[in-house]
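# Structure assessment
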Amino acid sequence: MPISRLADCLLETKADCERENIVHGIVGHVGDGNFHVQMMVDTSDPEDVARAEGVNQRMVSRAIAMDGTCTGEHGVGLHKIDFLVQEHGEGAIDVMRSIKHALDPNNILNPGKIIRW
């Protein structure tokens, strides 16, 4: 995320957590435009989980809209995979998928964790 937009994204995300009554903490290495939201969620409560998932989806979309990325320094993983098209476009994902298929035709390397097969 551009440093110039970091405070906006962080404050909007904090307000989103508060609106949803989610206990949270925010940490980051803001010098490179990165922050992480730790949400305390009752995983046995589907409504609590849904509120947290909504905050996460809005946070990632907000970061992309502010010229940031869905991945930060951590890579894609299961929670970010659905944002790759939003960030990079379908054409770029098709190229990535083709490269993945060429290098890993049996889909044994991180199956389902980077791009949808």
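These figures come from a predicted structure and were not determined experimentally.

Along the chain, H36 falls in strand β2 (residues 34-40). Taking the C-alpha atoms as reference points, H36 and G91, separated by 55 residues in sequence, lie 29 Å from one another. One polar contact links H36 to H29, side chain to side chain, over a distance of 3.3 Å.

Our next topic: the environment of V30. Looking at where V30 falls in the secondary structure, it is placed in the loop between β1 (23-29) and β2. Along the sequence, V30 and I3 sit 27 residues apart, while their C-alpha atoms lie 7.6 Å from each other. If we skip the residues at most four places from it in the chain, V30 touches I3 and L6.

Turning our attention to the state of the cysteines. Under the definition given, this model contains zero disulfides. For C9, which is in no disulfide, the shortest distance to another cysteine sulfur is to C17 and amounts to 11 Å. Of the residues examined, C9 reaches a relative accessible area of 1% and is grouped as buried. With a relative accessible area of 0%, C17 lands in the buried category.

So, on to the pattern of salt bridges. Tallied over the entire structure, the rule returns 10 salt bridges. The salt bridge partner of D48 is R51, with a shortest N-O separation of 2.7 Å. In this pair, D48 and R51 are both assigned in helix α2 (residues 46-65), three residues apart and thus about one turn of the helix distant. K100 serves as the salt-bridge partner of D104, at 2.5 Å between the closest nitrogen and oxygen. Relative accessible area serves as the criterion here: at 5%, D104 is assigned to the buried category. Through salt bridges with shared partners, a single network forms among E12, D16, R19, E20, R58 and R62.

Rules and cut-offs
Counting restarts for each chain: residues are numbered from 1 in the order of the written sequence. Residues qualify for local features only when their pLDDT is at least 70, as the model is predicted, and side-chain atom pairs are given and counted only at 80 or more; totals for whole chains, interfaces and linings, by contrast, use all residues. Excluding hydrogens and water, the side-chain figures rest on all heavy atoms present in the structure. By the criteria applied, helices consist of DSSP H or I runs no shorter than four residues and strands consist of E runs no shorter than two, each listed in order from the N terminus. Any pair of nitrogen or oxygen atoms within 3.5 Å is treated as a polar contact; in protein, a donor-acceptor pairing is required on top of that, and neighbouring residues in sequence qualify only through side-chain atoms on both sides. Here, two residues are considered to be in contact whenever any of their heavy atoms come within 4.5 Å of each other. To count as a disulfide, a pair of cysteine sulfur atoms needs to be within 2.5 Å. Relative accessibility under 20% of the residue-type maximum defines a buried residue, over 50% an exposed one, and the middle range a partly exposed one, all with a 1.4 Å probe and only protein chains included. The rule for a salt bridge is simple: a side-chain nitrogen of Lys or Arg has to be within 4 Å of a carboxyl oxygen of Asp or Glu.

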